[in-house]
Amino acid sequence: MKTPFDTVLRMRRREIDRTRIAIHMETTRLTEIDQQSRALEEELAREYEVCAQSWAASAEAFVRRRMSQQADLMAQRVVVSEQIGRLRREAIDAYGSQHVLENAAEAFRTGHRRQQSRAEQREADDLCAARAIPAPRAAAAPTVLQLPPR
């Protein structure tokens, strides 16, 4: 049975789906940032080893560039983490309002079923009351119907 809340409930479910997809995308992005950060750390460690073995090699520019990239990745990680937190708060609010709408729709259905049940009961009561009223009886003897001759 349709309720006045169905349209809003459908929209809320779509919003929850969009939020869920956005959280998944941001979580994937966060994982990628962490992987890139680990790769940079490993590359820096290898470069430090190479530089430690050769006193003539200078890796200062390389290290500065990689450290700058690492700082950028950390800044991106903070932004993405904040975005995930915001999306999760939105999801919690959306789930809460969806729950409220589902309860309202169920209450509407229950009220409608109760109304129908009462109407059916009133109809049954009226029919029973109509049967209970005695039909007026004639004081005379019953008449016998006769068919006309052919």
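Residues numbered from 1 in each chain as written. Predicted model: local features only at pLDDT ≥ 70, side-chain atom pairs only at ≥ 80, totals over all residues. Heavy atoms only, no water.

J.: Provide a residue-level description of the overall build of the protein, including the pertinent values.
T.: Of the regular secondary structure elements, the protein holds two helices and zero strands. Taken over the C-alpha trace, the protein has a radius of gyration of 40 Å; the compact-globule value for 150 residues is 15 Å, which it surpasses by more than 25%. Principal axes of the C-alpha set define a box for the protein whose edges measure 140 × 35 × 20 Å. Residues classed as buried in the protein amount to 18% of the 150 residues present. Contacts spanning at least 24 positions in sequence make up 84% of the contacts within the protein whose residues lie at least 6 apart. Total accessible area computed for the protein in this model is approximately 12,200 Å², and 56% of it derives from carbon and sulfur atoms. (Helix = DSSP H or I, 4+ residues; strand = E, 2+ residues; numbered from the N terminus. Rg over C-alpha atoms; globule rule 2.2 N^0.38 Å. Buried < 20%, exposed > 50% of the residue type's maximum accessible area, 1.4 Å probe, protein only. Contact = heavy atoms within 4.5 Å. Areas by Shrake-Rupley, 256 points an atom, 1.4 Å probe, with all protein chains shown as cover.)

J.: Pulling in residues and values, what's your account of the nonpolar core?
T.: Counting six residues, the largest nonpolar core is built from L30, I33, L40, L73, V80 and I84. For this core, the secondary-structure elements that each account for two or more residues are α1 (6-53) and α2 (60-132). Counting five residues, the second largest nonpolar core, distinct from the first, contains L44, C51, F62 and V63. (Core = buried A, V, L, I, M, F, W, Y, C linked by side-chain atoms within 4.5 Å.)

J.: Just give me the short version of the environment of E41, but keep the residues and values in it.
T.: For E41, the location among the structural elements is in helix α1. Spatially, the C-alpha atoms of E41 and A71 are 12 Å apart, while their sequence positions differ by 30 residues.

J.: Tell me what's going on with the environment of E15, and back it up with residues and numbers.
T.: Its location among the elements puts E15 in helix α1. E15 sits 131 residues away from Q146 along the chain, and the two C-alpha atoms are 79 Å apart.

J.: Break down a negative patch on the surface for me, citing the residues and quoting the values.
T.: On the surface, E120, E123, D125 and D126 cluster together into a patch of negative charge. Residue placement: D126 occurs in helix α2. Residue classification places D126 among the exposed residues on the basis of a relative accessible area of 55%. (Patch = residues over 30% accessible without salt bridge, like charges linked within 9 Å, V, L, I, M, F, W, Y side chains within 5 Å. Salt bridge = Lys/Arg side-chain N within 4 Å of Asp/Glu carboxyl O. Lys, Arg positive; Asp, Glu negative; His and termini not counted. Charge placed at Lys NZ, Arg CZ, Asp CG, Glu CD.)

J.: Outline α1, supporting the account with residue identities and numerical values.
T.: Along its 48 residues, α1 runs 71 Å from first to last C-alpha, staying within 8% of the 70 Å computed at 1.5 Å per residue. Residues of α1 that are buried: D6, L9, I16, T19, I23, E26, L30, I33, S37, L40, L44 and C51. (Expected span 1.5 Å × (residues − 1).)

J.: I'd like a description of the side chain of Q98, backed by residues and values.
T.: Along the chain, Q98 falls in helix α2. By relative accessible area, Q98 is classed as buried at 12%. Not counting residues within four places of it along the chain, the set of residues in contact with Q98 comprises L9, R12, R13 and I16.

J.: I'd like to hear about a positive patch on the surface, residue by residue, with values.
T.: On the surface, K2, R10, R14 and R18 cluster together to form a positively charged patch. Relative to the assigned elements, K2 resides in the segment before α1.

J.: Outline the environment of Q146, supporting the account with residue identities and numerical values.
T.: Structurally, the position occupied by Q146 is in the segment after α2. Considering only alpha carbons, one finds Q146 and T31, 115 residues apart in sequence, at a separation of 99 Å.

J.: Summarise the pattern of salt bridges; cite the residues concerned and give the values.
T.: Counted according to the given criterion, the structure contains 10 salt bridges. Ionic pairing is found between R12 and E15, a salt bridge with its closest N-O pair at 3.1 Å. On the criterion of helical spacing, the pair formed by R12 and E15 is a turn pair, its members being three residues apart in helix α1. For E15, a relative accessible area of 29% corresponds to the partly exposed category. Residues joined in a network through salt bridges with shared partners are D6, E106, R109 and R113.

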